[in-house]
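Residue-level structural notes
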Amino acid sequence: MAVLFATGILITAAEFEEFVETPVFWIKLALVGLLVVNGALLTRKEEILPERTEAPLKNNGEWARVRRHALFSVTLWIATAAAGIVLSYLA
Ligand code: HEM
């Protein structure tokens, strides 16, 4: 993640005026922001997960929440990469 941030900031700095005027750039930064927040929530949820659980996972509230955050994370990664590819064609 740190490498993606560093390279993203460097690429942006190289053609700053052009990227900041491209709405896709701001959509992408919003997706990256969501990715970070969701990642932090996912990590925190995982820390409080019971080591062992008897109830089927999908009915277990805590596991169901972790699963939702995990699915959201995968979706955000794909959306962020797609926004980046679109951005590379636009700018
Ligand atoms: C989770 C983090 C990120 C992922 C997965 C990601 C992914 C990508 C991908 C797949 C591309 C297309 C590369 C290409 O086709 O050449 C791209 C391009 C780009 N990304 Fe990111 N990126 C991330 C974070 C960032 C951040 C934080 C910034 C800015 C602060 C950024 C700015 C850009 C820019 C400006 C381009 C267009 C580059 C060009 O014109 O070729 N990215 N990104």
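Structure shown above.
Below or above, wherever it landed, is the structure these notes cover. Everything numeric here is computed off the predicted structure, so don't read it as measured data.

**Here we look at the coordination of the iron atom of the ligand**
- Donor atoms from the protein around the iron atom of the ligand number only one, Lys-28 (NZ), found at 1.8 Å.
- Relative to the helices and strands, Lys-28 is located in helix α3 (residues 23-47).

**Section: the site of the ligand**
- What surrounds the ligand is a group of 18 residues, the closest being Gly-8, Ile-11, Thr-12, Lys-28 and Ser-88.
- Between the ligand and Lys-28 there is a distance of 2.6 Å, counted from a nitrogen atom to a side-chain nitrogen or oxygen.
- Within the side chain of Ser-88, an N or O atom sits 3.2 Å from an oxygen atom of the ligand.
- Because more than half of its atoms lie within 2 Å of the grid, the ligand is assigned to the largest pocket.
- For the shell around the ligand, the secondary structure elements donating two or more residues are α1 (2-14), α3 and α4 (61-90).
- Top element by residues in the shell around the ligand is α4. It accounts for 7 residues.
- When its residues are assigned to classes, the shell around the ligand shows 12 nonpolar, 5 polar and 1 charged.

**Concerning a negative patch on the surface**
- A cluster of acidic residues, Glu-15, Glu-17, Glu-18 and Glu-21, forms a negative patch on the protein surface.
- Within the fold, Glu-18 resides in helix α2 (residues 16-20).
- Take Glu-18: its relative accessible area is 41%, and that puts it in the partly exposed class.

**Describing the side chain of Asn-38**
- With respect to the helices and strands, Asn-38 occurs in helix α3.
- Of the residues examined, Asn-38 reaches a relative accessible area of 3% and is grouped as buried.

**Structural notes on the environment of Arg-65**
- Among the structural elements, Arg-65 can be located in helix α4.
- Note: C-alpha distance between Arg-65 and Lys-45 (20 residues apart in sequence) is 7.7 Å.

**A few points about the packing of aromatic side chains**
- Inspection of the entire model under this criterion finds 2 aromatic pairs.
- With 5.1 Å between their ring centres and 80° between their planes, Phe-25 and Trp-26 make a pair best called edge-to-face.
- An aromatic cluster of three or more residues is present, and its members are Phe-19, Phe-25 and Trp-26.

Conventions used here
Residues numbered from 1 in each chain as written. Predicted model: local features only at pLDDT ≥ 70, side-chain atom pairs only at ≥ 80, totals over all residues. Heavy atoms only, no water. Donors = N, O, S within 2.8 Å, 3.2 Å for Na, K, Ca; no water. Helix = DSSP H or I, 4+ residues; strand = E, 2+ residues; numbered from the N terminus. Near = heavy atom within 4 Å. Polar contact = N/O pair within 3.5 Å; in protein donor to acceptor, adjacent residues only side chain to side chain. 1 Å grid on protein atoms, 1.4 Å probe; cavity = no way out; pocket = protein on both sides within 12 Å on 5 of 7 lines; lining within 4 Å. Sits in = over half its atoms within 2 Å of the grid points. Nonpolar A, V, L, I, M, F, W, Y, C, P; charged D, E, K, R; others polar. Patch = residues over 30% accessible without salt bridge, like charges linked within 9 Å, V, L, I, M, F, W, Y side chains within 5 Å. Areas by Shrake-Rupley, 256 points an atom, 1.4 Å probe, with all protein chains shown as cover. Salt bridge = Lys/Arg side-chain N within 4 Å of Asp/Glu carboxyl O. Lys, Arg positive; Asp, Glu negative; His and termini not counted. Charge placed at Lys NZ, Arg CZ, Asp CG, Glu CD. Buried < 20%, exposed > 50% of the residue type's maximum accessible area, 1.4 Å probe, protein only. Phe/Tyr/Trp six-rings, centres within 6.5 Å; stacked < 30°, edge-to-face > 60°.

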